[in-house]
Amino acid sequence: MAQEETRQDEAAATEAEAAEAAERRTPRRTAAQMIGVGLLASVLGVLGGLLIDWFPAPGSTQAGPIDTLWDVLLIASVPVFVLVTVVIAFSVINFRMRPGEEGIDGPPIHGNTRLEVIWTAVPAILIVGLVTYAYVVLRDIEQAPASGRERVVKVFGEQFAWTFEYNEGGRRFRNAQLYLPVDESVKFEVQSKDVIHDFWVPAFRMKIDAVPGITTSYRVTPTAVGDHAIVCAELCGLGHAFMRQTAHVMTSDDFGAWVRRASAPAGGGGGGGASGGAPDGKQLFAAGKDSTGAQPCGACHKLSDAGSSGGTGPDLDQALRGKDAAFIERAIVDPNAEIAQGFGPNVMPDNYRSTLSSAEVDALVKYLQDATK
Amino acid sequence: MEAASIAHGHAEHEHHGPPPANRSSRVEPQLLGMLLFIISEVMVFGAFFTAYFFIRVVSGDRWFPIEENELPVAVAGINTAILVSSSFTMHWAQTSIKNGNRFGLKAGILTTFVLGLTFLFIQVNEYVHIGFAPHDFAQGSVFYGLTGLHGAHVFVGLTLLLTVVIRSWRGHFSPEEHRGVEVPGIYWHFVDVMWIIVYSTVYLL
Amino acid sequence: MFAKLSAPGWYRAALYLLIGLGFSYVLSIGARAGFGYDPVLDGEAVLQIALIAMPFFFLAGMGAFDYWYHWAAGRPTLPEDHSNHGARRWQDYFKVNTDHKVIGIQYTVTSFFFLFVGGLIAMLMRAELAAPGRQFVDSNTFNGLFSVHASILIFLFIIPVFAGLANFVLPLMIGAPDMAFPRLNALSYWMLPVAGLMMLVSFFAPGGSFATGWTAYAPLSETSPIGQVFFTIGVQFAGASSIATALNFLVTIITMRAPGMSFFRLPLLVWANFSTSLLVVIATPFIAASQFFVLLDRALGFDFFRVAGGAGGDVLMYQHVFWFYSHPAVYIMMLPGFGIVSEILAVKSRKPIFGYRMMAFSLLAIVVLGFTVWAHHMFVSGMQSWIRVPMMVTTAIIAVPTGIKIFSWLATLWRGVLHLDTPMLFALGFVTMFTLGGISGVMLAMIPLTIHVSDTYFIVAHIHYVLFGGSLFTIFAGVYYWFPKMTGRMYDETLGRVHFWTTFVFFNVTFAPMHLIGVQGMPRRVADYAAEFADWNLAISIASFCLGLSSLLFLYNIIASWRGGPRAAANPWRALTLEWQVSSPPPIFNFDSVPTVVGGPYEYGVPGAVHGVFKGGAEVPQPAGAREHAAAD
Ligand code: HEA
Ligand code: HEA
Ligand code: CUA
Ligand SMILES: [Cu+2]
């Protein structure tokens, strides 16, 4: 009993002491100082954030709104982070336990309804604002062009290359390279032949999965003439890291010229070395053979002569320089026999023996030999 | 080894068991555990129904009959009746033991077990004669997936019932202590109700 | 010898494993012969059956089912036989044990083993990524490395370590002598090493380990080599384990609270585990089902995700089912941490937690909202585009209840008396780093931005800010905080602080630049990358090695302190919650008699406040500060 009493006395004493301590430890300046530091840090943080060069160079009309959205998000979120950090920093500085305070407790504050309402409502309002803005941006970047005229390019993903199908002036043709005219809206209709891939051009800021069984799509209006990387952004197997190609954006005139060249019936007519006539090695290289599922070499390999720039497989300008026909043929039909430095096995299809006739293989070998002399 | 460690413990502690836990809820722990487990089970079925929904509704694939393959609605209907009646015999067993009627318990639980086994047998027989395989088309995968999942649950339920059969034959359970009948019974009712849902969505709709 | 082989334990487990192997062969050959397949002996078929069957043989051999078997067979059982309860020697930790404190330690230690394995794998990844081109591993092995890294750290570390810590402290906190189902608890634990080992040995499978990421998207996971099955089946065991534990927690919390322990007197850790367990029980079946689908497709040729030849499967269905679990799973990996931090911040600030009820309600709000946002992982998946905007809204709204928690913690600090020791440092580090990770999450909710940064290193940055800066910081905090209770020893405070600061600094140097290279266009899950990212990646790799080394400080501190640290007092933190009112480590049955709870758990600074009283008079020793204070004078 007596013990009980002393304990209560002590407790009372501690309370008084705690109150006094709290008084001592909460200088009125603290809050004001903290707000000042917080504002300053927020401004600096936002400025710093905006100065950083976050995005790759913009290459489409879609890039603008998305980059601006990012800036807005930075401006909205830096102060939130600063707020949390500054409060913690000030608490640590002002309220940390000092020697001699080992036994003291803080003031028993259980809550404050007003504060709680504020910090529920303010983030909620902020969120509503951001979401609304993001929704507007989304509408904006997915809107069909006002003119209503739009080119459709079909994109086929497969392990580990993209092929593109055009329909220009009624002529349908395939190519392993993506060529686009500048300032004209294009809609990509994306499909996959095997597993999920993702068709992403960072400069355009847009991506969508290529999903087996369905067609997905997005549209962009390229704005920057030049070459932009195409990246596969969905894990699709062992060649995923190398599933890189290039989008060539060109002026309307150049594009027209390219279309005429690419869609011209090749040497023997039909899409790439079909029946009758000698097979055309260059055509096979660039477009493969759709009827048997032979993938175009140009989708994965760089070859200056064909203008291809894929990075999935070795650069043929280098790898095949001065090699004989036997080496090249083996590299095509039995790709795992010898793997180039820095590349993995089983990435390249090993079915060319069955998807191409031997005449076609010979034509391809001949072409490659000539092109890499 | 074990005996040694018990003796070892003996030397130090006078006290051998935990203090009785406080009961902070009127629900029996075993009952609550089974209910939560059933929630989990419902979610497993939910995921399979998601597959059903995506393949039948979202992808818009046609449902049975597919390429002349029909589902044996009538046979499965009889099977449904068998399973539903097993719920009643289960209930009979449960009320019997509450009233101290051991014969009712034994007869009820055994009938339930036999009915469940019959259900499973007819189901397997249906698979054998149905004429399509899970790899023929996705609707077939969903059919085998859902009915197979349910069949697996019937199997688990039967295993639980078997323990009840064994224990009631060995003279366990009394009007005071019959959680061992109660809890498997709840599971069995769940298996029944689930079948009614599977039957209506897969065979009837 | 025979006695050893028939008594539950490792010998019998080894024997049963052999029997299980034989069983798998017989079943596989029999089934294939029965259905007329050729050849009758197919290695992959045997392997798939063995992966499912052998764990059960192992568990049976260890004795996890003995009691139930006896019960089911109607043989006399001894519910009051406590021979498998408590640990008296270190060997007892390698047995099936029914004591929640032993299981808690088994859980925690096992999970930390997997942290170091997963971390070591990360070190290999960073070595490969230190420069563009190929360094040490080919691209297939690399895909395997990050897949195993993530799967191990998620399913074998973060999720179970929280279950382990809660296993130890939760029954003590609510005044229960044990969990509601001690034997189920033991079974839950023993499924973990099984799942973990399964994932690790996949590296020895022909064709390499599973290499489709921790998300294992179909159809890639159906066409990849047999190593994938180690994930498909391993996850089932990990999942079953967490469902069983969650169920156990829920029943324990609902039915075994001490007298007077109303829901609003529960410590927030209990609330957090209550919420988490709800998530687990409801969501985890979905990942089980998603892997069932994959397994059925692979093993029996089902068509769930096959579209070739008009099979009619639906590829996106996998992602919906998977994320319907795996988004809630990210809160399964965070809410228990919220609970830990709430405990530590209140005790170490010497103040009541600010806004207790809102803290509890915001947990429940997160649970409910957590089920409505899964498709934010699918913004670029090609699903129906109308689903995106509703998901964006619900996702962003989660910032509100989470914000309530963050701000309430800040208010708890304000005007407190902050004891800045190691647990507190980690708790404060958590609040800042998780805010950062959460904010990048809110950015990701904004669809137009996600279209660009999805599947880039920006996501990798987000992942590690929330999982490392979030979950792992709270785990470190919790381990330091309860170390005295769990082991009866004190850890080395100086080393602990050094561990915090090195971790905090190198963590940021490692993961902050990933935001930048992600936005600039570096995709995730690649062994090779464009030359423009080389400098940043080298810096990241170097920092990550330092981060790895800093975790060795922790390892050393824990091992050395456990073996020879100074004895810990029963209540070194002067905390009010019940686990601190018993000795360190607690007695084998926790309490001599169950305490009665008469007040809230965080009444620091309230004169004469009491949380629990023990029968037999003496109220729980109170930390009003007076005692120590007087002593200090
Ligand atoms: C612990 C795990 C964890 C946690 C808690 C979170 C929390 C959140 N996550 Fe994250 N997430 C992951 C783990 C986690 N995530 C993982 C592992 C992935 C990748 C999966 C994979 O593909 O491999 C992922 C991916 C991921 C994506 C998909 C990206 C993509 O692949 O394209 C998205 C998109 O919306 C997202 C959003 C969010 C949001 C909005 C939260 C919110 O809950 C965050 C809320 C918190 C705060 C916002 C901070 C505190 C709040 C305040 C201080 C209030 C004021 C704030 C504001 C007003 C902004 N996450
Ligand atoms: C809890 C979760 C968790 C944790 C703790 C970590 C910890 C780390 N992670 Fe991981 N990570 C994930 C969850 C986690 N990660 C997930 C979910 C993914 C997505 C995977 C996917 O795409 O499917 C991912 C992916 C991921 C990637 C991207 C891979 C890719 O997309 O290509 C990278 C790359 O740097 C990475 C790095 C690291 C590093 C350096 C650490 C470090 O923090 C590790 C620190 C090390 C230790 C803690 C202990 C080990 C140290 C030793 C044993 C001492 C040895 C020391 C030396 C050799 C120096 N992680
Ligand atoms: Cu194709 Cu990744
Ligand atoms: Cu999510």
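Details of the structure are given in the entry above.
Residues numbered from 1 in each chain as written. Chains lettered and ligands numbered in written order. Predicted model: local features only at pLDDT ≥ 70, side-chain atom pairs only at ≥ 80, totals over all residues. Heavy atoms only, no water.

1. Notes on the pattern of salt bridges
Phase 1: Evaluated as defined, the whole model comprises 21 salt bridges over all chains.
Phase 2: What emerges from the salt-bridge pattern is a single network uniting A:Asp105, C:Arg350 and C:Arg574. (Salt bridge = Lys/Arg side-chain N within 4 Å of Asp/Glu carboxyl O.)

2. Quick notes on the interface of chain C and chain A
Phase 1: The interface of chain C with chain A comprises 98 residues on the first partner and 94 residues on the second.
Phase 2: When chain C packs against chain A, the two sides together hide about 7,900 Å² of surface, and 72% of this comes from carbon and sulfur.
Phase 3: Between the two partners, chain C and chain A, sit 3 salt bridges.
Phase 4: The shortest N-O distance in the salt bridge between C:Arg574 and A:Asp105 comes to 4.0 Å.
Phase 5: Our count for the chain C to chain A interface comes out at 17 residue pairs in polar contact (both at pLDDT 80 or more).
Phase 6: Per-element accounting of the side of chain C that touches chain A gives the leading share, 9 residues, to helix H15 (residues 399-413) of chain C. (Contact = heavy atoms within 4.5 Å. Buried area = accessible area lost by both parts, 1.4 Å probe. Polar contact = N/O pair within 3.5 Å; in protein donor to acceptor, adjacent residues only side chain to side chain. Helix = DSSP H or I, 4+ residues; strand = E, 2+ residues; numbered from the N terminus.)

3. A few points about the interface of chain B and chain C
Phase 1: Taken together, the contacts link 54 residues of chain B with 50 residues of chain C.
Phase 2: When the two sides are added together, the surface that chain B and chain C hide from each other amounts to roughly 4,300 Å², 69% of it contributed by carbon and sulfur.
Phase 3: Considering only the surface of chain B that becomes buried against chain C, B:Pro19, B:Asn22 and B:Met43 emerge as the three largest contributors, covering 13% of it.
Phase 4: If you look at where chain B meets chain C, you find 11 residue pairs in polar contact (both at pLDDT 80 or more).
Phase 5: Among the secondary structure elements, those contributing two or more residues to the side of chain B that touches chain C are helix H1 (2-12), helix H2 (29-58) and helix H5 (138-169) of chain B.
Phase 6: Grouping the amino acids of the side of chain B that touches chain C by side-chain chemistry returns 26 nonpolar, 22 polar and 6 charged. (Nonpolar A, V, L, I, M, F, W, Y, C, P; charged D, E, K, R; others polar.)

4. Regarding the coordination of the iron atom of ligand 2
Residues and elements named next belong to chain C.
Phase 1: Distances from the iron atom of ligand 2 to its protein donors, namely His149 (NE2) and His464 (NE2), fall within the range 2.0 Å.
Phase 2: With 6 donor atoms in place around the iron atom of ligand 2 and angles of 86 to 178 degrees between them, the coordination shape is octahedral. Of the two residues, histidine 149 is situated in helix H6 (residues 139-173) and histidine 464 in helix H18 (residues 457-487); the sequence distance between them amounts to 315 residues. Like histidine 464, histidine 149 is buried. (Donors = N, O, S within 2.8 Å, 3.2 Å for Na, K, Ca; no water. Tetrahedral: all angles 85-135°; square planar, octahedral: opposite > 155°, others 65-115°. Buried < 20%, exposed > 50% of the residue type's maximum accessible area, 1.4 Å probe, protein only.)

5. Side note on the coordination of the iron atom of ligand 1
Residue and element names in this part refer to chain C.
Phase 1: Within the protein, just one atom coordinates the iron atom of ligand 1: His462 (NE2), at a distance of 2.2 Å.
Phase 2: Between the iron atom of ligand 1 and the copper ion (ligand 4), the interatomic distance is 4.4 Å.
Phase 3: Relative to the helices and strands, histidine 462 resides in helix H18.

6. Structural notes on unusual backbone geometry
Phase 1: In the segment running from A:Gln159 into A:Phe160, the intervening peptide bond is cis, with an omega of 0 degrees.
Phase 2: Considering the arrangement of structural elements, one finds A:Phe160 in the loop between strand S1 (151-158) and strand S2 (161-168).
Phase 3: Omega for the bond connecting C:Ala218 with C:Pro219 falls within 30 degrees of zero, at 5 degrees, which places this linkage in the cis form.
Phase 4: Summarising the element assignment, C:Pro219 is placed in the loop between helix H7 (182-201) and helix H8 (220-223).
Phase 5: Here the phi dihedral of C:Asp455 falls at roughly 60 degrees; this positive angle occurs in a residue that is not glycine.
Phase 6: The topology assignment puts C:Asp455 in the loop between helix H17 (447-453) and H18.
Phase 7: The exposure class assigned to C:Asp455 is buried, which follows from its relative accessible area of 8%.

7. Some details on the environment of C:Phe230
Residue and element names in this part refer to chain C.
Phase 1: By the element assignment, phenylalanine 230 lies in helix H9 (residues 227-255).
Phase 2: You can call phenylalanine 230 buried: its relative accessible area is 6%.
Phase 3: Apart from residues lying up to four places away in sequence, phenylalanine 230 is in contact with Leu47, Leu51, Met198, Met199, Val201, Ser202 and Ala205.

8. Some remarks on the site of ligand 1
Phase 1: Every one of the 33 residues lining ligand 1 counts as a neighbour, but C:Trp214, C:Tyr331, C:Ser454, C:His462 and C:Arg524 are closest to it.
Phase 2: One chain alone does not account for the residues near ligand 1; they come from chains A and C.
Phase 3: Contacts to ligand 1 include C:Ala445, whose backbone N or O atom sits 3.4 Å from an oxygen atom.
Phase 4: In the model, a nitrogen atom of ligand 1 is placed 2.9 Å from a nitrogen or oxygen of the C:His462 side chain.
Phase 5: Sorting the residues of the shell around ligand 1 by element identifies helix H4 (113-142) of chain A together with helix H11 (315-332), H15, helix H16 (422-445) and H18 of chain C as the ones contributing at least two each. (Near = heavy atom within 4 Å.)

9. Overview of the site of ligand 2
All names here are of chain C.
Phase 1: Inspection of the region around ligand 2 gives 35 residues, with Arg126, His149, His464, Phe468 and Arg525 positioned closest.
Phase 2: For ligand 2, an oxygen atom lies 3.4 Å from a polar atom in the side chain of tyrosine 457.
Phase 3: A distance of 2.7 Å is found between a nitrogen atom of ligand 2 and a side-chain nitrogen or oxygen belonging to histidine 464.
Phase 4: Elements represented by at least two residues in the shell around ligand 2 include exactly helix H5 (100-129), H6, H18, helix H19 (493-520) and helix H20 (534-564).
Phase 5: In terms of residue class, the shell around ligand 2 is made up of 25 nonpolar, 7 polar and 3 charged.

10. A word on the side chain of C:Gln319
Phase 1: Within the secondary structure, C:Gln319 is located in helix H11.
Phase 2: Residue classification places C:Gln319 among the buried positions, given a relative accessible area of 1%.
Phase 3: Those residues within four positions of C:Gln319 in sequence are excluded, and the remaining contacts are A:Ile196, C:Tyr217, C:Met378 and C:Ser381.

11. Regarding the pairing of strand S7 (residues 206-210) of chain A
Residues and elements named next belong to chain A.
Phase 1: The buried fraction of S7 is high, at 5 of 5 residues.
Phase 2: With 5 bridges connecting them, strand S6 (residues 197-201) and S7 associate as antiparallel partners. What sits directly across from phenylalanine 199, in S7, is isoleucine 208.
Phase 3: Taken together, S6 and the strand that follows it, S7, pair antiparallel across an intervening segment of 4 residues, in which arginine 205 is found at a positive phi of about 70 degrees. (Pairing = 2+ DSSP bridges.)

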